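Understanding the architecture of this molecule
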Amino acid sequence: MKSPFFKAFAWMAILIMAVSLACNLGSGGATSTPKVTSTTVEATPTQEASQPKTPKKAVATSTAPTDTPAASASGNPKGLVTTLDDVQSATIQIESEGTFIDPQVGVVVNGAGRGSGFIIDPSGIAITNNHVVTGAATLKVWVGGNQNKTYHARVLGASECSDLAVIQLDKGNFPYLAWHDGAPKVAMPVYAAGFPLGDPTFTMTNGTISKAQTNGNTSWASIENVVEHTATINPGNSGGPLVDANGKVVAVNFASIKETSQYFAIARDEAMMVIDQLKAGHDVTSIGVNGQAVVSQDGSISGIWVSSVKSGSPADKAGVKAGDIIYQIEGLVLATDGTMKDYCNILRSHKSSDTLSIKVLRFATQEILEGELNGRELKVTGTFGGSTSGGSSGGSATSATYTQVTDDSNSITMEIPSEWSQVDGSAWNSTWSGQDFSVPSITASANLDNYNKGYDESGVFFAAGPEIAKIGGYVELLDGVKHWYTDACKFDSRNDYSDDMYEGKYDVYKDCGSNKNLVWVLVLRPKVEQTAYLILMEVKITKDSDIDAIKHILATFQVG
């Protein structure tokens, strides 16, 4: 049985465009879609985590790096790593913890994730990926694989689009890494350092640069300068350094495609463009959300799913909440290709203080909201299935409210229009092909007598149970109830239905009764256990808002 939050996505068929972070996401790790084109990296993030991302970003304050360290006996600044053997001493493991809303999992409380990073200044300033730390309530750091000493850290600045963050450890006097001189070249030997799979043991893999520059458009970032290499990185390597033979940082690891043994890192030049601003406490190409691109199966809805919001950020001040989908900014529909590309192009085309129009879909309340970043707060302008006030389609916004109801046996729960105030939760008792059965059911309408007598009263009949499944499949059940409608309706069409959990068909009847209303009859079975039970749902439709009611019931029902 799924939660109402998760079930809301069954109707919309919202999918994350699967890309693999170099972080471990969830106890089972991240999934990946093994496709790379010349313009788009579809990889998986590489953070190791017991649950995916985490929210409530720690408030950052600016901390300047220390003065240039004194030279050691070798003539190099004290603490500067100059050999491959010493890279471990400046490589860190980061654990972030917090609470967020994930589009596939739902609400995750106190979820923890692990990634990697590396120190760039002896004062304890370190680099990692944005997706490793953004939204974290707490950050714990271990240096060089030493689990006996735990450091706390805070985020100084982050870039959603470049997938970079700068953090400050609470103590100083550390070994640190310097950047590689010169541009990366194809066939150049490189080494990936970090702490993959949440293991405190330091690892280093070797390989070569296979492509000196490629794009990095993924569902969680849009990076213009990415290095592709063959040094294996795994979940947990996110944010760790890709170094040359002298221990100098060539790039920052962030994504992988296991199926094709392709690994990706943010090039030094890309990182250097934003790191100084991040060290100074400024977020770059960011509105303050922990987000990822999502797109519906049919492509009709896309946008940036918000897992969490940074307090005091432009998104927070506008009223964006975790669980929202940012559908449009400045009138441009976002994430139609399943990546952050359009979203990040907009942010890169404006100053962080610019006023930008924003449209949001809020699945928790089925509302459409419009407002501005750095301007007026979000206000409800419509609901799903209705028109937005002042929109190009005209009309008025739907204003239905919904009430949760449960059958008498507590087997079925759903949300129905509040105006359907008469509810019968008794079992449905019937005989089918000589077999008697009794299954949980709910019948709801503003007037149950009128609903049961004819077709001029809106309402729903919903029954579910294993007894119905003994009759046959969903086609047999649909055919079996046809006689309910043949005398007063005309059969219009039979249609396929499928979402993440259920499959089936639904029949549409028209010209029902004297007022020629509609009836939808839908039969579903679970995709996983197809013979476990069947669902029969009838909705009598007398007005446009009843179509929204069907969507809402399908988005909220639970059987179990």
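A few points on the structure. Just so it is clear, the structure is predicted and the values come from calculations on it, not from any experiment.

Structural notes on the pattern of salt bridges
Scanning the entire structure with this criterion turns up 16 salt bridges. Across the pair Glu95 and Arg114 runs a salt bridge, and its minimum N-O distance is 3.0 Å. Of this pair, Glu95 sits in strand 6 (residues 91-102) while Arg114 sits in strand 7 (residues 106-121), and the two are 19 residues apart along the sequence. Residue classification places Glu95 among the buried residues on the basis of a relative accessible area of 16%. Given the relative accessible area of 18%, Arg114 is considered buried. Between Lys279 and Asp276 there is a salt bridge, and its shortest N-O distance comes to 3.8 Å. With Lys279 and Asp276 both in helix 3 (residues 268-279) and three residues apart, the pair spans about one turn of that helix. On the basis of relative accessibility, which here comes to 52%, the residue Asp276 falls in the exposed class. Residues joined by salt bridges that share partners form a network here, namely Glu419, Lys543 and Asp546.

Side note on the sheet that holds strand 26 (residues 412-417)
As summarised here, the arrangement of the three strands in space is 25-26-36, forming an open sheet in which the pairing is antiparallel. A single partner strand is all that each edge strand has here, and the edge strands are strand 25 (402-406) and strand 36 (558-559). Here two bridges tie strand 26 to strand 36, and the two strands are oriented antiparallel to one another. Paired with Ile412 across the two strands is Val559, which belongs to strand 36. Along the sheet, helix 9 (residues 545-556) makes contact with strand 25, strand 26 and strand 36, crossing strand 26 at roughly 155 degrees.

So, how was this worked out
Residues numbered from 1 in each chain as written. Predicted model: local features only at pLDDT ≥ 70, side-chain atom pairs only at ≥ 80, totals over all residues. Heavy atoms only, no water. Salt bridge = Lys/Arg side-chain N within 4 Å of Asp/Glu carboxyl O. Helix = DSSP H or I, 4+ residues; strand = E, 2+ residues; numbered from the N terminus. Buried < 20%, exposed > 50% of the residue type's maximum accessible area, 1.4 Å probe, protein only. Pairing = 2+ DSSP bridges. Contact = heavy atoms within 4.5 Å. Axes fitted to C-alpha atoms, helices over the stretch in contact; angles between N-to-C directions.

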